Amino acid sequence: MDVSAAKARVFPPVGRCIYCGGAGALTKEHIFPAGLGGGLLLPRASCTSCQREIQIFEDICMRKTLLPHRRARGLVRHPHDLPATVPLVLDLDLQGPTRVALDAHPNVLVLPGMRDLPGILAGRSPETVVQFDYKIFGHTDILDQTKRRLLDQQVVGIDLDGYAWLRMLAKIAHGYAVAELGFNRFSPALPDLILGRNPALCSYLIGNCPVPSPIPDSPPLLIIGMLCVTMGEQRLVAVNLRLFADLGVETPVYTVIAGSFTD
Ligand SMILES: [Zn+2]
């Protein structure tokens, strides 16, 4: 399913917060962050308190990790709102990222793929260890120029917060499952992970895709789909998603277990 902004789709309003179940003042949810141009909208679906919590990790992903790449691709909606500098790790021995001007950033995109299946599908217990498999996209000549400009350090890396990334994936999958199935059709597994209450669910509910995931000839930016996985007595709701799919088949495919069917 192509979910780019050009093909906006508005689902029926939920009338409850899809994260905490609250029924107070509710705002619309972009299922994919607006900063990725995702056009799937879920009206009246999030309370302000959960919205604030989500904003924190979405900002890390959109305004730090992905900002140079989003900017280069015209995905930044408010260009006047850009920071003058962005974090860039120059050397793994340094304590933390250095800040460089946005124009000096190599615009290399690093996507963290998952090394293993979601733990629940592989029979593992929830654990806090997550194994990533990084995929790098970009032009190495740009990277080399930037390294020379930045005093020829040995390593140039990107500021990437794995926990924030996985919470963002969980949020996308949860919103999509609610949109497609309805709020009461399944027992959701992801809200505790999305709201930061149980980090051990990261590798338990999110992993690589167990089956090869096809990619169309002219892939869109974002691809998402849902299927039912039977595990013994349980029927699990699995959401497969690919970000920046137009960069090709090397982009990671994530399988996110959104919960189990209740009927
Ligand atoms: Zn809420």
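For the structure itself, look to the data block above.
Residues numbered from 1 in each chain as written. Predicted model: local features only at pLDDT ≥ 70, side-chain atom pairs only at ≥ 80, totals over all residues. Heavy atoms only, no water.

Novice: How should I be thinking about the pattern of salt bridges in this particular structure?
Specialist: When their charged atoms lie close together, side chains carrying opposite charge are able to pair. Within this structure, the stated rule accounts for nine salt bridges. A salt bridge links Glu29 to Lys171, with the nearest nitrogen and oxygen atoms 3.6 Å apart. Here Glu29 is found in strand S2 (residues 26–30), whereas its partner Lys171 is found in helix H5 (residues 162–181), with 142 residues between them in sequence. Assessed through its relative accessible area of 3%, Glu29 is described here as buried. Given a relative accessible area of 2%, Lys171 falls into the buried group. The closest approach of N and O atoms between Asp133 and Arg115, which form a salt bridge, is 3.8 Å. Taken together, the residues Asp133 in strand S7 (residues 132–137) and Arg115 in the loop between strand S6 (109–114) and helix H3 (119–122) connect sequence positions 18 residues apart. What makes Arg115 partly exposed here is its relative accessible area of 44%. Three or more residues joined by partner-sharing salt bridges are found here, namely Glu29, Glu58 and Lys171. (Salt bridge = Lys/Arg side-chain N within 4 Å of Asp/Glu carboxyl O. Helix = DSSP H or I, 4+ residues; strand = E, 2+ residues; numbered from the N terminus. Buried < 20%, exposed > 50% of the residue type's maximum accessible area, 1.4 Å probe, protein only.)

Novice: Please clarify how the sheet that holds strand S1 (residues 9–10) should be interpreted in this entry.
Specialist: Picture the strands of a sheet paired through backbone hydrogen bonds; they go either parallel or antiparallel. Spatially, three strands are ordered S1-S3-S2 in an open sheet, and the strand pairing comes out mixed. If you trace the sheet from one side to the other, it starts and ends with S1 and S2, each paired once. In this sheet, strand S3 (residues 40–47) lies alongside S1 in parallel orientation, the contact comprising two bridges. Looking at S3, one finds that Val10 is bridged to Leu41. Packing against the sheet, helix H1 (residues 48–65) makes contact with S2 and S3, and its axis sits at approximately 120 degrees to S3. Across the sheet, H5 touches S1, S2 and S3, and the angle it forms with S3 is around 100 degrees. (Pairing = 2+ DSSP bridges. Contact = heavy atoms within 4.5 Å. Axes fitted to C-alpha atoms, helices over the stretch in contact; angles between N-to-C directions.)

Novice: I'm lost on the coordination of the zinc ion in this one. Help?
Specialist: The expected angle between donors at a tetrahedral four-coordinate metal is 109.5 degrees. At an octahedral six-coordinate metal it is 90 or 180 degrees. Taken together, Cys17 (SG), Cys20 (SG), Cys47 (SG) and Cys50 (SG) make up the full set of protein donors to the zinc ion, lying 2.3 Å away. Around the zinc ion sit four donor atoms, and with donor-metal-donor angles ranging over 104 to 115 degrees the site reads as tetrahedral. Look at where the donors of the zinc ion fall in the sequence and you get C-x2-C-x26-C-x2-C. Within this pair, whereas Cys20 is found in the loop between S1 and S2, its partner Cys50 is found in helix H1, the two being separated by 30 residues in sequence. (Donors = N, O, S within 2.8 Å, 3.2 Å for Na, K, Ca; no water. Tetrahedral: all angles 85-135°; square planar, octahedral: opposite > 155°, others 65-115°.)

Novice: Looking at this structure, I do not really get the pairing of S3. What am I missing?
Specialist: Sheet faces and side chains relate simply in a regular strand, where the side chains alternate between the two faces. Taken across its eight residues, S3 has seven buried, putting it largely inside the fold. Relative to S3, S2 is paired through four bridges, and the arrangement is antiparallel. What sits directly across from His30, in S3, is Leu41.

Novice: Got a minute to help me understand H1 in this structure?
Specialist: Counting along an α-helix, one turn takes 3.6 residues, and residues three or four places apart therefore face a common direction. With 18 residues, H1 should reach 26 Å at 1.5 Å per residue; the first-to-last C-alpha distance of 25 Å fits that figure. Taking the largest bend as the criterion, H1 deviates by roughly 30 degrees, centred on Glu58. Turning to H1, its buried residues number three or more, namely Cys50, Ile54, Phe57, Glu58, Cys61, Met62 and Thr65. (Expected span 1.5 Å × (residues − 1). Bend = angle between axes of the 7 residues up to and from the residue.)

Novice: What is the right way to look at the packing of H1 against H5 in this model?
Specialist: Describing two packed helices takes the angle between their axes plus the distance from one axis to the other. The interhelical angle for the contact between H1 and H5, taken along N-to-C directions, is 115 degrees, at an axis separation of 9 Å. Two packed elements cross with a definite hand, and for H1 against H5 that hand is left-handed. For the pair H1 and H5, contact is made by Glu53, Ile54, Phe57, Glu58, Ile60, Cys61, Met62 and Thr65 and by Ala164, Trp165, Arg167, Met168 and Lys171, respectively. (Left-handed = near helix turned anticlockwise from the far one by under 90°.)

Novice: Sorry, what's going on with the environment of Gly119 here?
Specialist: Tracing the chain through its elements places Gly119 in helix H3. A relative accessible area of 0% means that Gly119 is categorised as buried. Sequence separation of Gly119 and Ile206 is 87 residues, and the distance between their C-alpha atoms is 7.6 Å. Excluding residues that lie within four positions of it along the chain, Gly119 makes contacts with Arg124, Ser203 and Tyr204.

Novice: Would you take a moment to explain the nonpolar core for this structure?
Specialist: General note: in soluble globular proteins, nonpolar side chains tend to be found buried as a group. Counting 63 residues, the largest nonpolar core has Trp165, Leu190, Leu241, Leu243 and Phe244 as the members making the most contacts within it. Here the element with the most residues in this core is H5; it accounts for 13 residues. In this structure, Phe244 is in contact with Leu36, Leu66, His69, Arg73, Leu75, Leu109, Leu111, Leu221, Leu222 and Thr251, ignoring residues within four places of it in sequence. (Core = buried A, V, L, I, M, F, W, Y, C linked by side-chain atoms within 4.5 Å.)

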